[in-house]
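Residue-level structure breakdown
Listed below, chain by chain, are the residues.
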Amino acid sequence: MKSIQDLASKSVRSSGESTALGYAPHRSDEYDEIRDRFKDVIISGGENISSIEVEGALLRHPAVLDAAVVGIPHEKWGESPKAFVILREGRAA
């Protein structure tokens, strides 16, 4: 099973969102290793969204094994939350 860091870094690498995440050095296996985000608050349309609170809400779902939330650039809102979620084996959400 891949970790949330592997899932997020593969997605970020393919979509070009790496500048929104934080410290993510590139590895030789075509993944970026996400070590931390630059900030915990996502500002979307003038509203402050806590990535930690969103992660907590996702993790309370019984099907969710792990989750990470980051802000990505959004043309209209400035930033938009993006969640990377790993489900428990055999579960759906």
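Quantities reported herein were computed from a predicted structural model and do not represent experimental measurements. Position numbers for residues count from 1 along each chain, tracking the sequence in the order it is written. At least 70 in pLDDT is required for a residue's local features to be given in this predicted model, at least 80 for side-chain atom pairs to be given and counted, and no such filter applies to totals for whole chains, interfaces and linings, which use all residues. For the side-chain quantities, the full set of heavy atoms in the structure was used; hydrogens and water were omitted.

Segments assigned H or I by DSSP are reported as helices when at least four residues long, segments assigned E as strands when at least two residues long, and all are numbered from the N terminus. Secondary structure summary: the protein contains 2 helices and 6 strands in total. Reading the helices (α) and strands (β) of the protein from amino to carboxyl end gives α-β-β-β-β-α-β-β. Type-normalised accessible area, obtained with a 1.4 Å probe on protein chains alone, sets the label of each residue: buried when under 20%, exposed when over 50%, and partly exposed for intermediate values. Within the protein, buried positions represent 29% of all 93 residues. When checking whether two residues touch, look at their non-hydrogen atoms; a contact exists if any pair is within 4.5 Å. Residue pairs at least 24 apart in sequence account for 42% of intrachain contacts in the protein once pairs closer than 6 positions are excluded.

So, about the side chain of S51. Looking at the secondary structure, you find S51 in helix α2 (residues 51-59). Accessibility expressed as a relative area gives 1% for S51, which makes it buried. Residues adjacent in sequence count toward polar contacts only when both atoms are side-chain atoms; beyond that, a polar contact is any pair of N or O atoms within 3.5 Å, and within protein one must be able to donate a hydrogen and the other to accept it. A polar contact of 2.9 Å, which involves the side chain of S51, links it to the backbone oxygen of D40.

Relative to the assigned elements, G46 resides in the loop between β3 (41-44) and β4 (47-50). A C-alpha to C-alpha distance of 7.8 Å links G46 and W77, two positions 31 residues apart in sequence.

The next subject is the pairing of β4. Look at any regular strand and the pattern is simple: side chains alternate between the two faces of the sheet. Each pair of strands is called paired provided DSSP finds at least two bridges between the two strands. As defined by bridge partners, β3 adjoins β4 across 4 bridges and the pair is classed as antiparallel. Each residue of the ladder has a partner; that of I42, found in β4, is I49. Between the end of β3 and the start of β4, which pair antiparallel, lie 2 residues, with G45 showing a positive phi angle near 60 degrees.

Right, let's talk about the environment of A67 for a bit. Checked against the element boundaries, A67 lands in strand β5 (residues 64-74). Among the residues examined, A67 registers a relative accessible area of 8% and is labelled buried.

Another aspect to go through is the confidence of the model for the protein. Confidence scores labelled pLDDT are given residue by residue by the predictor and lie between 0 and 100. Residues at a pLDDT of 70 or more form 59% of the protein, whose mean pLDDT is 78. By mean pLDDT, strand β1 (residues 22-23) is the weakest element of the protein at 52, and β4 is the strongest at 96.

Of the pairings in the sheet, the one linking β5 to strand β6 (residues 78-87) comprises 10 bridges and is antiparallel in character. When the sheet's bridge partners are listed, A67 is paired in β6 with V85. Here β5 hands over to β6 after 3 residues, the two strands then running antiparallel side by side.

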